[in-house]
Amino acid sequence: MQMTSLSLAVAVLLGVIATAAMVNAIANRDELNAVLNQIAPMRVDGERLLAALYQQQSGVRGYAMTGDGADLTSYQDGVAAQRAAAGEMSQLVRDRTALRDQLSRVESEIGAWRTAIAEPALARAAAGDLPGAQTVVADASPARFDTARARVDDLRGAIGGLRDRAVADARRGTERIVQLLIIAVGIVVLAGAALAVLLRFLIIRPVDRLVGDVQAVTAGEYQHPIPDSGPPELARLSRGVDQMRQRIVAELAEVRAARTALEAANQQLEQQATELTRSNRDLEQFAYVASHDLQEPLRKVASFCQLLQRRYAGQLDERADQYIYFAVDGAQRMQRLINDLLAFSRIGRHTSGFTAVDLNALTADIVDQLDTTISRAQAEVTWDDLPVVQGDEPLLSALLGNLVSNSIKFRRPEAPPRIHLSARRVDDEWEIGCQDNGIGIEAEFADKVFVIFQRLHPKEAYPGTGIGLAVAKKIVEYHGGRIWLDTSPVAGSLVKFTLPVPVPVEDPEPPAETPELPEATDDEHLTKETV
């Protein structure tokens, strides 16, 4: 409050001083303009008047003595110069009555001298009466001429006095401006000193105390209170800092509680990780058992059921033949399911490392591998310019092979399959689509088709275990992408998936062991059906 009042008072005083200085400056400017634009030209014109008067007198005397025409011309030039100087001065003194009257008297006296002396003398000299002309000039000329010259001197003196007063007024105005500036500097100095004192007692000391309190809190004394002292603004700041301290204290308590909970969670996670590691070992052991020990008795069951089917077909009744067929079919289907499950579990566990894979060349190889299936179905497989991506080539081959095989398998009976692969870049991903003209998939089953062993049709209509798109999904996710079913096409199905745009790698990892791919079943090569 004190600083505000002091600042306001200083501003008012400086405003008054600035106004007074401006008024004096304007007055000085007017005085200088008068001296430069009016008085100085008037002095020049006064000198010209005096010079013209002397020129006229010299011309008259010379012409009266010699009758030389050059002297007459000099007189006439003096008259013209006198009239020109008087005309210019009359414009300059039109707003100054006293000077205007003096100029009138000068012109009257000069005119009277010319009428009484100059013109009679010139007339006699022109008539050849030089002695008479000299007598006119000698008898009355000095008194008349001195009177006219005295009037010119009076006018010049008045102009000089006017100039002196204007200069004196300008000098006084300048002195007043300097005095006002000195007063303003004094006020600023005094106000600065007063502000320094006020800042010391009202701002600096309370701020120093606030800094000390904040440093105490920063050092770890979170329970140290911060009092609100000093001017209102600083008091509000202190209250705000103390509120922040209180909130920090509360949040620190929450952080300590959360850290305690996090440590407990970390311990639990470590236990779960240990259990997960043990579970993974158990799963690997189960996979080994499933791939060897479980399949061995399953193969025996299937072999003996097939032997019964071949040896006793037709010897038993029709129901017995049907039971034997069901047993053989179930054992074979169980074997395919186990093989597919093992292949699904091995995806991503054994990899040769990511390399640059040209999807154009990879698609061409897949079409060559599926040549028999494509020819039998009279299918047509086309593709756009596909990108080069970073990935595991065998897994990507299995991915595209599954999509193409599914499109051939789930075709319309009345139309040969038409399969097209396309690609487009979306930000930092390649979006690749596989479009066909097959039977299509309803939108409500768009997510279900990617679940392992999910089928939408009976196995009699479309053979397979229903693992194909689940394998495709796992391969895409292993490569950091997404896969989904686009339900927008009117006919057929469109499966889309994304792969990251390759990033330059300076030191690629050396290839590891060759991955194990999903085993093909029935007459399909490197493919797994979706449903």
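Calculation rules
- Residues numbered from 1 in each chain as written.
- Predicted model: local features only at pLDDT ≥ 70, side-chain atom pairs only at ≥ 80, totals over all residues.
- Heavy atoms only, no water.
- Core = buried A, V, L, I, M, F, W, Y, C linked by side-chain atoms within 4.5 Å.
- Buried < 20%, exposed > 50% of the residue type's maximum accessible area, 1.4 Å probe, protein only.
- Helix = DSSP H or I, 4+ residues; strand = E, 2+ residues; numbered from the N terminus.
- Phe/Tyr/Trp six-rings, centres within 6.5 Å; stacked < 30°, edge-to-face > 60°.
- Pairing = 2+ DSSP bridges.
- Axes fitted to C-alpha atoms, helices over the stretch in contact; angles between N-to-C directions.
- Salt bridge = Lys/Arg side-chain N within 4 Å of Asp/Glu carboxyl O.
- Parallel < 35°, antiparallel > 145°, perpendicular 65-115°, else oblique.
- Left-handed = near helix turned anticlockwise from the far one by under 90°.
- Contact = heavy atoms within 4.5 Å.
- Nonpolar A, V, L, I, M, F, W, Y, C, P; charged D, E, K, R; others polar.
- pLDDT = per-residue confidence, 0-100.

S.K.: How should I be thinking about the nonpolar core in this particular structure?
M.R.: For soluble globular proteins, the rule of thumb is that nonpolar side chains tend to be buried together. Ranked by internal contacts, the top residues of the largest apolar core, which has 37 residues, are Leu359, Leu396, Leu399 and Phe497. Secondary-structure elements contributing two or more residues to this core are α7 (359-369), α8 (371-377), α9 (393-409), β4 (418-426), β5 (429-435), α10 (468-478), β6 (483-486) and β7 (494-500). The next biggest cluster of nonpolar side chains, apart from the first, holds 36 residues, and it includes Leu49, Leu155, Leu162 and Ala166.

S.K.: Which parts of the structure should I look at to understand the packing of aromatic side chains?
M.R.: In this description, an aromatic ring pair is defined by two values, namely the gap between the centres and the angle between the planes. One pass over the structure, following the stated rule, counts three aromatic pairs. An aromatic cluster of at least three residues, connected via ring pairs, comprises Tyr54, Trp113 and Phe145.

S.K.: Honestly, the sheet that holds β7 in this entry has me stumped. Any pointers?
M.R.: Paired through backbone hydrogen bonds, the strands of a sheet run either parallel or antiparallel to each other. Read from one edge to the other, the open sheet built from five strands follows the order β2-β4-β5-β7-β6, with strand pairing classed as mixed. Lying at the two open borders of the sheet, with one neighbouring strand each, are β2 (380-383) and β6. Within the sheet, the average angular offset between the axes of one strand and its neighbour, ignoring direction, is 20°. When β2 meets β4, the two strands line up parallel, connected through four bridges.

S.K.: Which parts of the structure should I look at to understand the pattern of salt bridges?
M.R.: Between side chains of opposite charge, a pair can form when the charged atoms approach closely. By the definition in use, this model includes 13 salt bridges. Across the salt bridge formed by Arg163 and Asp164, the nearest N and O atoms sit 3.3 Å from each other. The exposure class of Asp164 is partly exposed, given its relative accessible area of 45%. For Glu431, the salt bridge is made with Lys496, and the minimal N-O distance between the two is 3.5 Å. Taken together, the residues span a long stretch of sequence, with Glu431 in strand β5 and Lys496 in strand β7 at a distance of 65 residues. Of the two residues, Glu431 and Lys496, neither departs from the other in class, the shared state being buried. One connected set of salt bridges, linked through shared partners, spans Arg424, Glu431, Asp486 and Lys496.

S.K.: Help me understand the packing of helix α2 (residues 69-92) against helix α3 (residues 97-126) in this model?
M.R.: The axes of two packed helices give the description: the angle between them and the distance between them. Two elements in contact, α2 and α3, have axes separated by 12 Å at closest approach and are oriented at 165°. Of the possible angle classes, the one that applies to α2 and α3 is roughly antiparallel. Classified by chirality, the crossing of α3 by α2 is left-handed. Residues Leu72, Tyr75, Val79, Gln82, Arg83, Ala86, Met89 and Ser90 of α2 pack against Leu103, Glu107, Ile110, Arg114, Ala118, Glu119 and Leu122 of α3. The residue inventory of the contact of α2 with α3, partitioned by class, reads nine nonpolar, two polar and four charged.

S.K.: Explanation requested: the confidence of the model for the protein chain in the structure shown.
M.R.: Low-confidence regions, as indicated by low pLDDT, have predicted coordinates that should not be scrutinised in detail. Averaged over every residue, the pLDDT of the protein chain is 78; residues scoring 70 or more account for 81%. Throughout residues 511-531 the model reports pLDDT below 50, and contacts reaching past four residues in sequence, or to other chains, amount to 77 contacts.

S.K.: Teacher, can you tell me more about the packing of α9 against α10 here?
M.R.: With their axes 9 Å apart at the nearest point, α9 and α10 run at an angle of 145° to one another. Of the two possible hands of crossing, α9 and α10 adopt the one that is left-handed. Every residue of α10 that contacts α9 at Leu395, Leu396, Ala398, Leu399, Asn402, Leu403 and Asn406 is listed here: Gly468, Leu469, Val471, Ala472, Ile475, Val476 and Tyr478. Grouping the amino acids of the contact of α9 with α10 by side-chain chemistry returns eleven nonpolar, three polar and no charged.

S.K.: Explain the environment of Ile441 here, please?
M.R.: Locating Ile441 in the fold gives a position in the loop between β5 and α10. Separated by 44 residues in sequence, Ile441 and Leu485 place their C-alpha atoms 8.6 Å apart.

S.K.: Just checking my understanding: could you explain α10 for this structure?
M.R.: Every α-helical turn comprises 3.6 residues, leaving residues that sit three or four positions apart pointing alike. Among all positions of α10, only Gly468, Leu469, Ala470, Val471, Ala472, Ile475 and Val476 are buried. Looking one or two places after α10, you find Gly480, whose phi comes out positive at around 80°.

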